[in-house]
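Analysis of the macromolecular model
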Amino acid sequence: MKVLIIGSGGREHALAWKISQSPLLTKLYAAPGNPGIARLAECRPIQSDDLAGLLNFAKTENIDLTVVGPESPLVAGITDEFQKAGLKIFGPSKAAATLEGSKAFAKDQMNKFGIPTAPYEIFSHINEAKHYCVETDMPVVIKADGLAAGKGVVICQTSQEAVAALTQIMSEGIFGDAGKKVVIEKMVEGEELSVLALSDGKKILPLASSQDHKRVYDGDRGPNTGGMGAYSPCPFISEEKFREIVDIAIRPMIQGMAAEGNPYRGLLYAGIMMTKNGPVVLEYNCRFGDPETQVVLPRLKSDLLQICAEIAAGEIKTESLEWHEKACLGVVLASGGYPGFYHKDYVIDGLEGVSHLEDAVVFHAGTAFGPEGRIVTSGGRVLTVSALGENLRAAHDRAYTVIGQIHFQGGFYRRDIGRRALEVLR
Ligand code: GLY
């Protein structure tokens, strides 16, 4: 099977790493890919939002299956375009991807299908939104309705903060058109959990549980990021509890969308908050999580390519997913200043020494080829170091040993990935 992976982050490197192990694969391409993916795939400089360029490439190269990493081409309708051209593609249709493309749509779907979520209101007029924030109890979370590259969420402790955030989002347009409409919801507290599930619109194959660490600094301080590290499985969720959460957060959405004639085929990601009153869905994403993918796929025994191909063909035939017993923990190495301004083009030292380890993989994200073929930084999240271990403690220690061998100017990482989970285990 000739496969094309779309995207250039750590998630796509993990997808390429897993798919390249499949006996079904004959040739792997990536667009645009990154230097880590380039070790596994032939990379072509086609950006993931260049739908026409991607379609043309897939037709010319007779690609058998395209696997879409990021959300923006899905929300823009790449699946519909490929299917119209008779090409197989893994990822939800434009209508189904609206679960991530519109936070308001997602909240209304949750409401309709009885999925627990934080109380919310939707506003398209700034004055009404501001008036609501003056009247309602704080804290609240303001979410830009559309895609905002993972940045469109603002936590507000006071009504003054909320009013100021609304001015920035709805009037000054800091998130562009994505902020023309907002969802304002009550803040809920607890442990976060990521639930990822593969579906053909009917059958559901949940992936193993994982937890992301979204804040930039140790102790969950500082601004939100795309994710600074993750681990799998989550020790604070029993297998039985996890099945219950899938039944609460994933199954009714898959069934409800199918009943409405808008089946969800692809990977559905539910961001969950385990509140003291039970699980609450914070958001849905229409693609694999990043960095969750980098810690879940190393634990997956089953052939991901086969399942993606089955979903693209319309029906999951695989009975269930098989998992390694080992735990996996991943730490993101980021550029100094991320998630704010950061410099690029710093040479990354130490990569060769950690490129062929049995129990750890270094997934590339913000990297590029620099002068003399050296690998340099080119983004905020530069690498994810994922390590497997007999248990979470062993995976944790190994990941931190490996990441300690990689250096570039200004690079930093959180020192406490998995710490709360390790406390639970202790
Ligand atoms: N880890 C968060 C996300 O993928 O959206």
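Figured I'd write up the structure that's included with this text. (Residues numbered from 1 in each chain as written. Predicted model: local features only at pLDDT ≥ 70, side-chain atom pairs only at ≥ 80, totals over all residues. Heavy atoms only, no water.)

**What to know about the environment of Gly 336**
Spelled out, the test is: Going along the chain from the N terminus, every DSSP run of H or I of four or more residues is numbered as a helix, and every run of E of two or more is numbered as a strand. Each residue is assigned to one of three classes by its accessible area relative to the maximum for its type, calculated with a 1.4 Å probe on protein chains only: buried under 20%, partly exposed between the two thresholds, exposed over 50%. Any two residues whose heavy atoms approach within 4.5 Å are treated as being in contact.
Considering the arrangement of structural elements, one finds Gly 336 in the loop between strand 18 (327–334) and strand 19 (360–364). Gly 336 sits in the partly exposed class, given a relative accessible area of 33%. C-alpha separation for the pair Gly 336 and Gln 409, spaced 73 residues apart in sequence, amounts to 7.9 Å. Beyond its immediate chain neighbours, meaning those up to four positions away, Gly 336 contacts Phe 341, Tyr 342, His 343, Gly 410, Gly 411 and Phe 412.

**Describing the pairing of strand 2 (residues 27–32)**
Filter applied, for reference: DSSP bridges decide pairing: two strands pair if at least two such bridges lie between them. We call a crossover right-handed when, viewed with the strands running away from us, the connection from the first strand over the helix to the second turns clockwise.
Of all six residues in strand 2, five are buried; the element is thus mostly enclosed. The sheet contact formed by strand 1 (residues 2–7) and strand 2 spans six bridges and is parallel. Paired with Gly 7 across the strands is Pro 32, a residue of strand 2. Following the backbone out of strand 1, through helix 1 (residues 10–19) and into the adjacent parallel strand 2, one traces a crossover that is right-handed. Pairing geometry for strand 2 and strand 3 (residues 42–43), over two bridges, is parallel. Bridging across to strand 3, Ala 30 finds its partner in Cys 43.

**Structural notes on helix 10 (residues 251–259)**
For helix 10, the complete set of buried residues consists of Pro 252, Met 253, Ile 254, Gly 256 and Met 257. Downstream of helix 10 by one or two residues, Gly 261 has phi in the positive range, about 80°.

**Quick look at the packing of aromatic side chains**
Convention followed: Between the rings of Phe, Tyr and Trp (Trp by its six-membered ring), a pair exists once the centres lie within 6.5 Å; its type follows the angle of the planes, with under 30 degrees stacked, over 60 edge-to-face, and the other angles tilted. Comment: the charge-over-ring label is applied if NZ (Lys) or CZ (Arg) is within 6 Å of the ring centre and within 35 degrees of the ring normal.
If you walk through the whole model with that rule in mind, you get five aromatic pairs. Where Phe 90 meets Phe 288, the ring centres are 6.3 Å apart and the plane angle is 40°; that geometry is what we call tilted. Here Phe 90, found in strand 5 (residues 89–90), pairs with Phe 288, found in the loop between strand 17 (278–285) and helix 11 (292–296); they are 198 residues apart in sequence, far enough to count as distant. Here the two residues Phe 90 and Phe 288 agree in accessibility, since each one is buried. Arranged with centres 5.2 Å apart and planes meeting at 45°, the rings of Phe 123 and Tyr 132 form a pair that is tilted. Each member of the pair, Phe 123 as well as Tyr 132, is classed as buried. For the cation-ring pair, Lys 27 lies above Tyr 29, with the distance from its terminal atom to the ring centre recorded as 5.1 Å. The cationic tip of Arg 287 hangs over the ring face of Tyr 269; the distance from NZ or CZ to the ring centre is 5.8 Å.

**Re empty space enclosed by the protein**
Quick note on the threshold: Both site types are read off a 1 Å grid over the protein atoms alone. A 1.4 Å probe that fits but cannot get out defines a cavity, while an open set with protein on both sides within 12 Å along at least five of seven lines defines a pocket; lining residues have an atom within 4 Å of a point. Grid points are joined across faces, edges and corners, and a volume is the space filled by probe spheres set on the points. Basically, the charged four are Asp, Glu, Lys and Arg, the nonpolar ten are Ala, Val, Leu, Ile, Met, Phe, Trp, Tyr, Cys and Pro, and anything else, Gly included, counts as polar.
For the structure on display, the rule yields one cavity of 30 Å³ or more. Of the voids in this model, the largest cavity is the one considered here, and its volume is about 40 Å³. Lining of the largest cavity is provided by Lys 103, Ala 106, Lys 107, Met 110, Lys 143, Leu 282, Glu 283 and Tyr 284. Contributions of two or more residues to the lining of the largest cavity are made by helix 6 (103–112) and strand 17. For the lining of the largest cavity, the leading source of residues is helix 6, giving four residues. Of the residues in the lining of the largest cavity, the class split is four nonpolar, no polar and four charged.

**Some thoughts on the packing of helix 5 (residues 94–101) against helix 6**
Operational definition: Fitted lines through C-alpha atoms give the axes, limited to the stretch in contact for helices. The angle between two N-to-C directions lies from 0 to 180 degrees. Relative orientations are named as follows: roughly parallel for angles under 35 degrees, roughly antiparallel for angles over 145 degrees, roughly perpendicular for angles from 65 to 115 degrees, and oblique for any other angle.
Between helix 5 and helix 6, whose axes approach to 6 Å, the crossing angle comes to 95°. In terms of orientation, helix 5 lies roughly perpendicular with respect to helix 6. Contacts from Ala 95, Thr 98, Leu 99, Glu 100 and Gly 101 in helix 5 reach Lys 103, Phe 105, Ala 106 and Gln 109 in helix 6. Residues that form the contact of helix 5 with helix 6 fall into these classes: four nonpolar, three polar and two charged.

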